[in-house]
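# Coordinate analysis (summary)
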Amino acid sequence: MNNSIFVLIDENYDNFTKTFKIIADYIKNNYDKIVFLSIQELADKMEVSISSISRFCKELGYSGYITFQKDLQKLIQKDIAPMKEIKKSISDVSKEDDILKQTIEMNIKNLQTMYSENLKKDFEKAVNLINKGKRIFIVATRSSFTVSYYLHFMLERFMDNTVLITPGNMDVYDKISSITKEDVLISISFSRYTKFTNDITQFFKNKGCEIISITDSYSSPVATKSNCILLLKNGSYTYSFTTVLTALNALVTAVGAKDKKNTFEKMELKEKNCFDNGIYV
């Protein structure tokens, strides 16, 4: 059944009872979390009865909640979060929509709600860890790799001790075999979480290194291994990294401001090197 779950829900939605509509809405918005919940836990979260959930599953053609949940698990295994969000955004677009305006407004809303005292506290801790680290390693894969590259590029303008761990290299563990407790790892990982990033993070944890994770959940694989967690949510409309990049811009600025004289000297030296070697037109 699998991919037809949401089709079935949409086709029957108008005929659903009020309770069934509550269940349907929750499933469509949280199906990636339901795979970990028992029927009792799900009933508690939705504030409906267990029997209502069972009847809902049978209404869709399943023998019960367990078989329904197994189909959701298969769907999760195939689906990739960014693609899920983008596909949903595309399917929801009508000819009258101003997509550019909607996306800008959504990103503004995400930025306006991202700040919290907890984030500020963790942000300051991350700045201190980076400044104290002997070497700063950065790891991420797939779509998150673009973010890690940006962070590494910006920090490298005024720091000589940053290392970007590139996925796909067979000798990656040879390159990080010499790490010590004085080194720091910045691990960037958003749902769905990749094995490579998780494995590298575990490697650094085993070595006793300080770990800063930039992720979307305190229960994410990298967060559970970290000393400092910057909790940032991607935009749900187009899986935008706007909040993440904003936080990283602030992180780079704060790290550089710790020693302004040294930061400016190194930036000027590297800018001169770029001009001298014809990198810029």
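Predicted model only: the values in this text are computed from it and were never measured. (Residues numbered from 1 in each chain as written. Predicted model: local features only at pLDDT ≥ 70, side-chain atom pairs only at ≥ 80, totals over all residues. Heavy atoms only, no water.)

Moving on, we come to the overall build of the chain. Check the secondary structure of the chain and you find 13 helices and five strands. When the 281 residues of the chain are sorted by exposure, 43% land in the buried category. As displayed, the chain has an accessible area near 16000 Å², and 54% of this comes from carbon and sulfur atoms. (Helix = DSSP H or I, 4+ residues; strand = E, 2+ residues; numbered from the N terminus. Buried < 20%, exposed > 50% of the residue type's maximum accessible area, 1.4 Å probe, protein only. Areas by Shrake-Rupley, 256 points an atom, 1.4 Å probe, with all protein chains shown as cover.)

Together, Leu100, Ile104 and Ile108 line one region of the surface with nonpolar side chains, adding up to about 290 Å² of accessible area. Along the polypeptide, Ile108 turns up in helix H7 (residues 99-114). For Ile108, a relative accessible area of 42% gives the class partly exposed. (Patch = residues over 30% accessible without salt bridge, like charges linked within 9 Å, V, L, I, M, F, W, Y side chains within 5 Å. Salt bridge = Lys/Arg side-chain N within 4 Å of Asp/Glu carboxyl O.)

Spanning 16 residues, H7 covers 22 Å between terminal C-alpha atoms, matching the ideal 22 Å at 1.5 Å per step. Within H7, burial applies to Thr103, Asn107, Asn110 and Met114. When H7 is viewed along its axis, its buried side chains cluster within an angular range of 60 degrees and face the same direction. Those residues of H7 that are exposed and aimed more than 90 degrees away from the buried face are Lys109, Gln112 and Thr113. Buried residues belonging to H7 abut helix H8 (117-132) and helix H12 (242-257). (Expected span 1.5 Å × (residues − 1). Arc of directions from axis to C-beta. Contact = heavy atoms within 4.5 Å.)

Attention now goes to the packing of aromatic side chains. Counted by the stated rule, this structure contains 10 aromatic pairs. Between Tyr62 and Phe68, the aromatic rings sit 5.4 Å apart at their centres with planes inclined by 80 degrees, giving edge-to-face as the arrangement. With respect to burial, Tyr62 and Phe68 carry one shared label: buried. For the pair Phe203 and Phe204, a centre-to-centre distance of 6.4 Å together with 70 degrees between the ring planes defines the contact as edge-to-face. Exposure remark for Phe204: the relative accessible area of 0% places this residue in the buried category. Chaining the aromatic ring pairs together yields one cluster made of Tyr13, Phe16, Phe20 and Phe56. (Phe/Tyr/Trp six-rings, centres within 6.5 Å; stacked < 30°, edge-to-face > 60°.)

What follows covers helix H11 (residues 195-206). Spanning 12 residues, H11 covers 16 Å between terminal C-alpha atoms, matching the ideal 16 Å at 1.5 Å per step. For H11, the complete set of buried residues consists of Thr197, Asn198, Ile200, Thr201 and Phe204. Each buried residue of H11 lies within a common arc of 165 degrees when the element is viewed along its axis, so the set occupies one face. For H11, the exposed residues set more than 90 degrees away from the buried face come down to Lys195 and Asn206. In this structure, the buried side of H11 is in contact with strand S1 (136-139), strand S2 (162-165), helix H10 (172-175), strand S3 (184-189) and strand S4 (210-215). Remark: Gly208 follows H11 within two positions and exhibits a positive phi of approximately 80 degrees.

Moving on, we come to the pattern of salt bridges. Under the definition given, this model contains seven salt bridges. Note that Arg135 and Asp183 form a salt bridge whose closest N and O atoms lie 2.9 Å from each other. Separated by 48 residues along the polypeptide, Arg135 in the loop between H8 and S1 and Asp183 in the loop between H10 and S3 bring together distant segments of the chain. A relative accessible area of 24% places Arg135 in the partly exposed class. For Lys261, the salt bridge is made with Glu265, and the minimal N-O distance between the two is 2.7 Å. You can see Lys261 and its partner Glu265 sitting in helix H13 (residues 260-276), four residues apart, about one turn around the helix.

The next thing to look at is the sheet that holds S3. The parallel open sheet is built from five strands, whose spatial order is S2-S1-S3-S4-S5. Each edge of the sheet is formed by a strand with only one pairing partner; in this case those strands are S2 and strand S5 (228-231). This sheet shows a mean twist of 15 degrees between the axes of neighbouring strands, independent of strand direction. The sheet contact formed by S4 and S5 spans four bridges and is parallel. Among the inter-strand pairings, Thr215 is bridged to a residue of S5, identified as Leu231. Sitting on the sheet, H8 is in contact with S1, S3, S4 and S5, with an inclination near 130 degrees to S5. (Pairing = 2+ DSSP bridges. Axes fitted to C-alpha atoms, helices over the stretch in contact; angles between N-to-C directions.)

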